[in-house]
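Listed below, chain by chain, are the residues.
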Amino acid sequence: AVVSTQSTGSEKELNKTRSQVQRCYSLLKRTELKNFHLHLSNLPETSALYKSFLDKTAGFEGMYLTRFAGSIFEQFPAEDLVYLTPDSPHPLTEISLTSVYVIGGFVDDNIKRNTSLDRCLVEGVRTARLPIQEHYEIGNHKQCVLTINQVFEVLLMVHNGMEWAEALDGILPKRKAYLP
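Here the residue numbering is sequential within each chain, running from 1 through the sequence in written order. pLDDT decides what is reported in this predicted model: residues at 70 or higher carry local features, side-chain atom pairs at 80 or more are listed and counted, and totals for whole chains, interfaces and linings draw on all residues regardless. Here the side-chain values reflect all heavy atoms present in the structure, with hydrogen atoms and water set aside.

Given 3.6 residues to a turn, an α-helix orients residues that are three or four positions apart in the same direction. Only protein chains enter the accessibility calculation, which uses a 1.4 Å probe. A residue is then buried if its area is under 20% of the maximum for its type, exposed if over 50%, and partly exposed in between. Here a strand is any run of E in DSSP of at least two residues, a helix any run of H or I of at least four, and the numbering for each starts at the N terminus. All buried positions along helix 2 (residues 48-56) are accounted for by Leu49, Tyr50, Ser52 and Phe53. The arc that holds the buried residues of helix 2, viewed along the axis, is 160°, so those residues lie on one side. Think of the arc as the fan of directions from the helix axis to the C-beta atoms.

See the structure below:
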């Protein structure tokens, strides 16, 4: 999985992104899977987010993950990428070992619809969304927007053999009133 980070934003947004990526790394370290890897893209050493990782994450430089300054579109062939965005019309139904799943790291309180989807259309990259609408009654778009670590954890659970409904039920926040 690739977390495509947004290196701009307020200190609060940078801290949220850093914290969510740390949770992903922690989940990955605890899993038995050996064919699941975490990449961080758009993370140049000059970015505020990179500096935040260095300052606030003990052992960041020694973590077993791949970091690169450029875009995911420069690192992987477009045909291997599946960009996960709640705006995609395509539900993710299975996880392929040959695909690279991209989790967008836009952590802010102003959700801008179609930002990732529009970019993927330009780049010729497939998109998908977690199948939340297929398992829950959704009242608004914000209910389909999850944190980086929530998306990552659902992917790990399904990759480990759990059914989508069970994985989503364990991750979706109860306070948002998801109705089966």
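So, next bit.
Should a side-chain nitrogen of Lys or Arg be within 4 Å of a carboxyl oxygen of Asp or Glu, the pair is scored as a salt bridge. Within the structure shown, the criterion is met by three salt bridges. Residue arginine 119 is joined to glutamate 123 by a salt bridge in which the shortest nitrogen-to-oxygen separation is 3.2 Å. With arginine 119 and glutamate 123 both in helix 4 (residues 115-123) and four residues apart, this pair spans about one turn of that helix. Since its relative accessible area comes to 41%, arginine 119 is described here as partly exposed. Accessibility expressed as a relative area gives 32% for glutamate 123, which makes it partly exposed.

Here is the rule: rings of Phe, Tyr and Trp (six-membered ring for Trp) pair when centre to centre is within 6.5 Å. Planes less than 30 degrees apart are stacked, more than 60 are edge-to-face, and the remainder are tilted. Under the counting rule described, the total for this entry stands at four aromatic pairs. Between tyrosine 50 and phenylalanine 60 the ring centres are 5.7 Å apart and the planes differ by 75°, which places this aromatic pair in the edge-to-face class. Separated by 10 residues along the polypeptide, tyrosine 50 in helix 2 and phenylalanine 60 in the loop between helix 2 and strand 3 (66-67) bring together distant segments of the chain. Classification of tyrosine 50 as buried rests on a relative accessible area of 5%. Ring geometry for phenylalanine 68 versus phenylalanine 76: centroids 6.1 Å apart, planes at 65°, classification edge-to-face. Residue phenylalanine 68 shares its accessibility class with phenylalanine 76, and that shared class is buried. Feature note: the residues Tyr50, Phe53 and Phe60 constitute an aromatic cluster, connected by ring pairs.

Its location among the elements puts arginine 129 in the loop between strand 6 (126-128) and helix 5 (132-135). Overall, the relative accessible area of 10% leaves arginine 129 in the buried class. Any N or O atom pair separated by 3.5 Å or less is treated as a polar contact, with the protein-specific requirement of one donor-capable and one acceptor-capable atom, and with residues adjacent in sequence counted only for side-chain atom pairs. There is a polar contact of 2.6 Å between the side chain of arginine 129 and the side chain of glutamine 133. A polar side-chain atom of arginine 129 sits 2.8 Å from a polar atom in the side chain of glutamate 134. The criterion used for residue contact is that any of the two residues' heavy atoms lie within 4.5 Å. Not counting residues up to four positions away in its chain, the partners in contact with arginine 129 are Thr85, Pro86, Ser88, Pro89, His90, Pro91, Leu92 and Glu134.

With respect to the helices, strands and loops of the structure, glutamate 134 is situated in helix 5. Residue classification places glutamate 134 among the partly exposed positions, given a relative accessible area of 43%. As a C-alpha pair, glutamate 134 and tryptophan 164 span 30 residues in sequence and 9.6 Å in three-dimensional space. Not counting the four nearest positions on each side in its chain, glutamate 134 is found in contact with Pro91 and Arg129.

Here, axes are lines fitted to C-alpha atoms. For helices the fit covers the stretch in contact, and angles between N-to-C directions go from 0 to 180 degrees. Where helix 1 (residues 11-30) contacts helix 6 (residues 148-159), the two axes come as close as 8 Å, and the packing angle between them is 20°. In this view, helix 1 runs roughly parallel relative to helix 6, as classed from their interaxial angle. Between helix 1 and helix 6 the crossing geometry is right-handed. Contacts from Thr17, Gln20, Arg23, Cys24, Leu27 and Leu28 in helix 1 reach Ile148, Asn149, Phe152, Glu153 and Leu156 in helix 6. Should an angle lie under 35 degrees it is considered roughly parallel, over 145 roughly antiparallel, and from 65 to 115 roughly perpendicular; all remaining angles are considered oblique. Rotating anticlockwise by less than a right angle from the far helix to the near helix defines a left-handed crossing, while the corresponding clockwise rotation defines a right-handed one.

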